[in-house]
Amino acid sequence: MAPSPEIPKTTREYRLHKLTGFQDLQLETGPVPHPKEGEVLVKVYAVSLNFRDLIIAKGGSPLPTKPSVIPGSDCAAKVILTGSPTSKFKPGDRVSPNFALDHVYGPPTEATKATCLSGEIDGVLGEYRVFPEHSLVLIPDYLSYEEASTLPCAALTAYNALTGSGQPLKAGDTVLVQSTGGVAIFAIQIAHASGATVIATSSSDAKLEIARALGTKHTINYKTNSDWEKEVLKLTGGEGVDHVVEIGGPATWLKSLDALKYGGYLHVIGAQAGLADIRTIVIPIIQKSLNLHGVQVGSRTQFEALNRLLTASQIHPVIDKVFEFEQAREAYEYLSQHGHVGKVIIRVSKDGV
């Protein structure tokens, strides 16, 4: 076991003893966990929130949630102690755990789904956490802890959507991105850095201006232009786009399929626009030889590849607002109002051990 500095005996952590909403968040004190062989103790510096965190707090997750779960899946941390003398990590290394701890490579499985943080196992919203060594990745040196905390879910989901299908994104492609939330903003940045032309939709002109500043070439306000799929076709000379980063869900699928070119890819990520009758989607899928790509975050090896791309392009995550650790409920409430662009962060630690 690697030598370590003096470690506190107790840690503060949030738990959800009930699942009726984020008001159930309880800040408690517990023992600092000790790493076993193959595990690593880290000090958490920042946690970023996702729409999934709101769903879990309300008891709406489609996957099991353990009783009194520690919430949160995305963090950036510093290695404090390793449980193995031959660990590839050392105290002081800056790391993040993968969203699903055992999803190391390849597609997800039932077994890897069971290791999603803040599901059947505790999440990251605490000062000290222990993770298996195989789940950790080094975070890019040029990013702050707050910036790096945004990567495990939002950035990796966007990266997997655009590079993990049968036809990965390439320079010269055209990408339609829905909304300006965390995944969408990363999709815009990754697509632009990869040499693609980006079209973005939103209900806010102010948010679309931010999208333009990040590299979006064309923007469409779907509130003032409800036939946004026709506008996409117009912008692409009637051909359609190569990829749609589909965050709206079944309520927007038909429009997204219309916006795709023949042989294009619909990368299905969320359902923020709600549900709808989608029995007729088989028609455009067959007629246009379209492809559906279900995206479930990504593997650790994809996370490592993502970090190489970010470093090469020097992409900085977009952070909307940072809350202090004691303001976790306020951070959840702010996220629930859907007024943010980019990511909402909880700063857990500032300095020291």
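Everything quoted here is computed from the prediction, not taken from an experiment. (Residues numbered from 1 in each chain as written. Predicted model: local features only at pLDDT ≥ 70, side-chain atom pairs only at ≥ 80, totals over all residues. Heavy atoms only, no water.)

Colleague: Lay out unusual backbone geometry in plain terms, naming residues and giving numbers.
Modeller: You will see that S68, though not glycine, has its phi angle at about 55°, which is positive. With respect to the element layout, S68 can be found in the loop between α1 (51-57) and β4 (74-82). Of note in the backbone geometry, Q314 takes a positive phi value of approximately 55° without being a glycine. (Helix = DSSP H or I, 4+ residues; strand = E, 2+ residues; numbered from the N terminus.)

Colleague: Before we move on, can you summarise the pairing of strand β9 (residues 197-202) with the specific residues and values?
Modeller: Within β9, five of the six residues are buried, leaving the element largely enclosed by the surrounding structure. Across five bridges, strand β8 (residues 174-178) lies against β9 in parallel orientation. Counterpart to Q178 in the pairing with β9 is T201. Between β8 and its parallel partner β9, the chain crosses via helix α5 (residues 182-193), and the hand of that crossover is right-handed. When β9 meets strand β10 (residues 218-221), the two strands line up parallel, connected through four bridges. Bridge assignment links S202 to a residue of β10, and that residue is N221. (Buried < 20%, exposed > 50% of the residue type's maximum accessible area, 1.4 Å probe, protein only. Pairing = 2+ DSSP bridges. Right-handed = clockwise from strand over helix to strand, strands pointing away.)

Colleague: So, the nonpolar core: which residues are in play, and what are the values?
Modeller: Counting 43 residues, the largest nonpolar core has L151, L162, V175, V177, A191, V245 and L306 as its most contacted members. Elements with a minimum of two residues in this core: β3 (39-48), α3 (145-148), α4 (151-163), β8, α5, β9, α6 (205-213) and α10 (300-313). A per-element tally of this core places α4 first, with eight residues. Apart from residues no more than four positions distant in its own chain, V245 is found in contact with L162, V175, L176, V177, Q178, A187, H267 and I269. Among the nonpolar cores identified, the runner-up in size contains 33 residues, and A57, V69, F89 and V348 belong to it. (Core = buried A, V, L, I, M, F, W, Y, C linked by side-chain atoms within 4.5 Å. Contact = heavy atoms within 4.5 Å.)

Colleague: Lay out the packing of aromatic side chains in plain terms, naming residues and giving numbers.
Modeller: Overall, the coordinates contain four aromatic pairs when judged by the stated rule. Where Y14 meets F325, the ring centres are 5.1 Å apart and the plane angle is 80°; that geometry is what we call edge-to-face. Of the two residues, Y14 is situated in strand β1 (residues 10-16) and F325 in the loop between β14 (319-324) and α11 (328-336); the sequence distance between them amounts to 311 residues. Across the pair, exposure class does not vary: Y14 and F325 are buried alike. Ring centres 6.3 Å apart and planes at 40° place the aromatic pair F22 and Y332 in the tilted group. One end of the pair, F22, is in the loop between β1 and β2 (25-31); the other, Y332, is in helix α11, and 310 residues separate them in sequence. In this structure, R94 is placed above the aromatic ring of Y145, and the distance from its NZ or CZ to the ring centre is 5.0 Å. (Phe/Tyr/Trp six-rings, centres within 6.5 Å; stacked < 30°, edge-to-face > 60°. Lys NZ or Arg CZ within 6 Å of the ring centre and 35° of its normal.)

Colleague: I'd like a description of the side chain of E146, backed by residues and values.
Modeller: Looking at where E146 falls in the secondary structure, it is placed in helix α3. Ignoring sequence-local partners within four residues, the contact set of E146 consists of A46, I319, I345 and R347.

Colleague: Account for the environment of N221, with residues named and values stated.
Modeller: Considering the arrangement of structural elements, one finds N221 in strand β10. A sequence separation of 21 residues divides N221 from A200, and the C-alpha atoms of the two residues are 8.6 Å apart. Those residues within four positions of N221 in sequence are excluded, and the remaining contacts are S202, S203, S204, D205 and L208. Of note is the side chain of N221, whose polar atom sits 2.8 Å from the backbone nitrogen of K223. (Polar contact = N/O pair within 3.5 Å; in protein donor to acceptor, adjacent residues only side chain to side chain.)

Colleague: Explain the pattern of salt bridges to me, and be specific about the residues and the numbers.
Modeller: Following the criterion strictly, the structure yields 15 salt bridges and no others. The salt bridge involving E326 is made with R12; its shortest N-O contact spans 3.0 Å. Here E326, found in the loop between β14 and α11, pairs with R12, found in strand β1; they are 314 residues apart in sequence, far enough to count as distant. Between E304 and R300 there is a salt bridge, and its shortest N-O distance comes to 3.3 Å. Here E304 pairs with R300, and both are found in helix α10, just four residues apart, close to one helical turn. Residue R300 is classed as buried on the basis of its relative accessible area of 15%. Taken together, the shared-partner salt bridges connect E13, R15, K66 and D122 into one network. (Salt bridge = Lys/Arg side-chain N within 4 Å of Asp/Glu carboxyl O.)

Colleague: Let's hear about the pairing of strand β5 (residues 94-97): which residues, and what values?
Modeller: Here β5 shows two buried faces, one formed by R94 and S96 and the other by V95 and P97. Where β4 lies against β5, two bridges are found, and the strand directions are antiparallel. Looking across to β5, one finds that K78 is bridged to R94. The sheet contact formed by β5 and strand β7 (residues 136-138) spans three bridges and is antiparallel. The partner of V95 across the bridge, within β7, is L138.

Colleague: Describe a nonpolar patch on the surface, with residues and values.
Modeller: A cluster of nonpolar side chains, contributed by V282, I283 and I286, occupies part of the molecular surface with about 290 Å² of accessible area. By the secondary structure assignment, I286 is in helix α9 (residues 282-287). Look at I286 and you get exposed, because its relative accessible area is 61%. (Patch = residues over 30% accessible without salt bridge, like charges linked within 9 Å, V, L, I, M, F, W, Y side chains within 5 Å. Areas by Shrake-Rupley, 256 points an atom, 1.4 Å probe, with all protein chains shown as cover.)

Colleague: Account for the side chain of K343, with residues named and values stated.
Modeller: Within the secondary structure, K343 sits in strand β15 (residues 343-347). No salt bridge is formed by the buried K343. Its closest oppositely charged neighbour is D74, at 4.9 Å. Here the side chain of K343 touches N50 through a polar contact of 2.6 Å, side chain to side chain. With residues up to four places along the chain from it excluded, the contact list for K343 reads S48, L49, N50, T150, A154, G182, V318, I319, D320 and K321. (Lys, Arg positive; Asp, Glu negative; His and termini not counted.)

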